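Residue-level listing of the chains:
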Amino acid sequence: MSPQTKPQGARRGARPANARRVAFDVLRAVQVDDAYANLLLPSRIRRAGLTARDAAFATELTYGSIRMLGRYDVIIALASGRRAENIEADVLDVMRLGAHQLLAMRTPTHAAVDATVELAREVGARRATGFVNAVMRKIAARTDEEWDAQITEGRGGDALLATRWSHPVWVVSALRDALAAERSRDELAALLAADNAAPRVQLAALPGLATDEDIATATARTVPEADDDADAAFADATGAADAPAALVPVDDEPEADGATGTVPPVRTADPVAEADALPVSPVGIRGISGDPARVPGVAAGRLRVQDEGSQLAALALSRSSEVRAGERWLDMCAGPGGKAALLAAEAQQGGATLVANELVPARAGLVRNALGVFGDHVRVVEGDARRYGRDGTGMTFDRILLDAPCTGLGALRRRPEARWRKTPEDVQELAALQTELLDAAVRVLAPGGTLAYVTCSPHLAETRGQVDALMGRHGGVLEQLDTATIVRHVAARDPEIADGNTAQLWPHRVGTDAMFIALFRRVG
């Protein structure tokens, strides 16, 4: 089966041009200004005054086109007879949006072609309307299955999977290596498919703050109606809500085949349907409808929108051992504040204090907002975390979270543009920074204290490689904890992680981002 099967259930017929224009503007901003779709799209939807249906259409069109950009460029090149890089950028983006409607949405062919040509005219590419029309008709003349056969012909290995599942080859190779490290190489195609699925909403119920009513209301999906119809789709635009109507499951999907990359359709939300069924975090809530900001507990700050992988990373630290009153905790890289809020709730219950450090002032502001519901036991500071242990204070901490800057290859579902922005050179630079941050954490880790090293990347250079190097440098003062056992103990159900001193979560198994967690204790 082709990785691009048209989902069932989407409304037929042409969409208002302004929904397509919103998608185009965001796609251009991502290409030109390095914008993030999840941050820009909600404001553009609101500005355009889109209805909920058209907001969902614009959301799927934007996110789907970004995820499948690499695949569509190969198809457009074949259909046009030109290399994608030789096509004017605005025209290419118009055609990427058109290709997504033709191959991955249930937009009727005539409507998709006509609207794409009109969009080219609207954005100032009138000179290219004939070219756009011809290319769209050539794309429409074949099914996605037929295109899949053509674009993968003569390719093998990671190159084939990269083209089929629209990932850079180096990313596919890195993910293959990470799976192979736990003898799960045959899951690669399923992982790539999960990367292309719209993430579903996940909430964290902050311990000691969230009430039974908050949890019951969110679990029952009793979300009040939005004042503005488009608000119901804003959660989709940020990657926080259930998949839009265009992403409902397809029936009769084949079983995964790691060798050929044959798995359920790339764009459906269903590759992790079973994984998404129940929370894996003990404070997690899944499956709410509409805009999560309109859930009463979220509006009050007692529930937070947060991936359950991030929840488990924070809880693995806070619940790795019994909290003693008076403990001092440190979140070294706290922005934007999600994990810090969960740690603050845990610290408040145990009588500990938390320092949340953030380098970037704007992100430090987000941390302050996230921690505003807590009392004096939480303090937000600004500065480079590499200063710790060299600032002359002599302060040490009993629990330290280092949620290190990383490539973000474990969160491609939520930030689809990341796959096209990161390079192997970025891995080297980030690994060097991670090393310096880890050394700083060791300097201020109190005897008997626990350090959690966390990344939202499964790349081995950022995960197991860092752990091995850390123990090589500090093995005399650190011991590795059985992180896998601790995470299993903390989790609400089996997190499906490999045995060992580290824990690697996977989206295709349990519906979380691919978070990596490693716990250490200072001896002596």
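Above this note sits the structure.
Residues numbered from 1 in each chain as written. Predicted model: local features only at pLDDT ≥ 70, side-chain atom pairs only at ≥ 80, totals over all residues. Heavy atoms only, no water.

K.L.:
So, the packing of aromatic side chains: which residues are in play, and what are the values?
P.N.:
One pass over the structure, following the stated rule, counts two aromatic pairs. Ring centres 6.2 Å apart and planes at 85 degrees place the aromatic pair Tyr388 and Phe397 in the edge-to-face group. Neither residue differs from the other here; Tyr388 and Phe397 are each classed as buried. Considering the side-chain rings of Tyr453 and Phe516, the 6.4 Å spacing of their centres and the 70 degrees angle between planes classify their relative orientation as edge-to-face. Taken together, the residues Tyr453 in strand β8 (residues 445-455) and Phe516 in strand β11 (residues 516-522) connect sequence positions 63 residues apart. Across the ring face of Tyr388, the terminal group of Arg387 is positioned such that the distance to the ring centre comes to 4.5 Å. Over the aromatic face of Tyr36 sits the side chain of Arg421, whose NZ or CZ is 4.9 Å from the ring centroid. (Phe/Tyr/Trp six-rings, centres within 6.5 Å; stacked < 30°, edge-to-face > 60°. Buried < 20%, exposed > 50% of the residue type's maximum accessible area, 1.4 Å probe, protein only. Helix = DSSP H or I, 4+ residues; strand = E, 2+ residues; numbered from the N terminus. Lys NZ or Arg CZ within 6 Å of the ring centre and 35° of its normal.)

K.L.:
Please set out the packing of helix α6 (residues 109-122) against helix α7 (residues 129-140) residue by residue, giving values where relevant.
P.N.:
In a pair of packed helices, the angle between the axes and the distance between the axes together describe the arrangement. Across the interface, α6 lies against α7 with an axial gap of 9 Å and an inter-helix angle of 155 degrees. The angle between α6 and α7 places the two elements in the roughly antiparallel class. Every pair of crossing elements has a handedness; the one defined by α6 and α7 is right-handed. In this structure, α6 contributes Thr109, Val113, Asp114, Thr116, Val117, Ala120 and Arg121 to the contact, and α7 contributes Thr129, Val132, Asn133, Met136, Arg137 and Ala140. Of the residues that constitute the contact of α6 with α7, the class distribution is six nonpolar, four polar and three charged. (Axes fitted to C-alpha atoms, helices over the stretch in contact; angles between N-to-C directions. Parallel < 35°, antiparallel > 145°, perpendicular 65-115°, else oblique. Left-handed = near helix turned anticlockwise from the far one by under 90°. Contact = heavy atoms within 4.5 Å. Nonpolar A, V, L, I, M, F, W, Y, C, P; charged D, E, K, R; others polar.)

K.L.:
So what about the pairing of strand β5 (residues 353-358)? Which residues, and what values?
P.N.:
Of all six residues in β5, five are buried; the element is thus mostly enclosed. For the segment spanning strand β4 (residues 328-331), helix α16 (residues 338-350) and β5, crossover handedness is right-handed. Here β5 runs beside strand β6 (residues 378-382); their pairing, made up of five bridges, is parallel. Looking at β6, one finds that Leu354 is bridged to Val378. With helix α17 (residues 361-370) bridging β5 and the parallel β6, this β-α-β connection has right-handed handedness. (Right-handed = clockwise from strand over helix to strand, strands pointing away. Pairing = 2+ DSSP bridges.)

Purely spatial values, then, with no claim about function.
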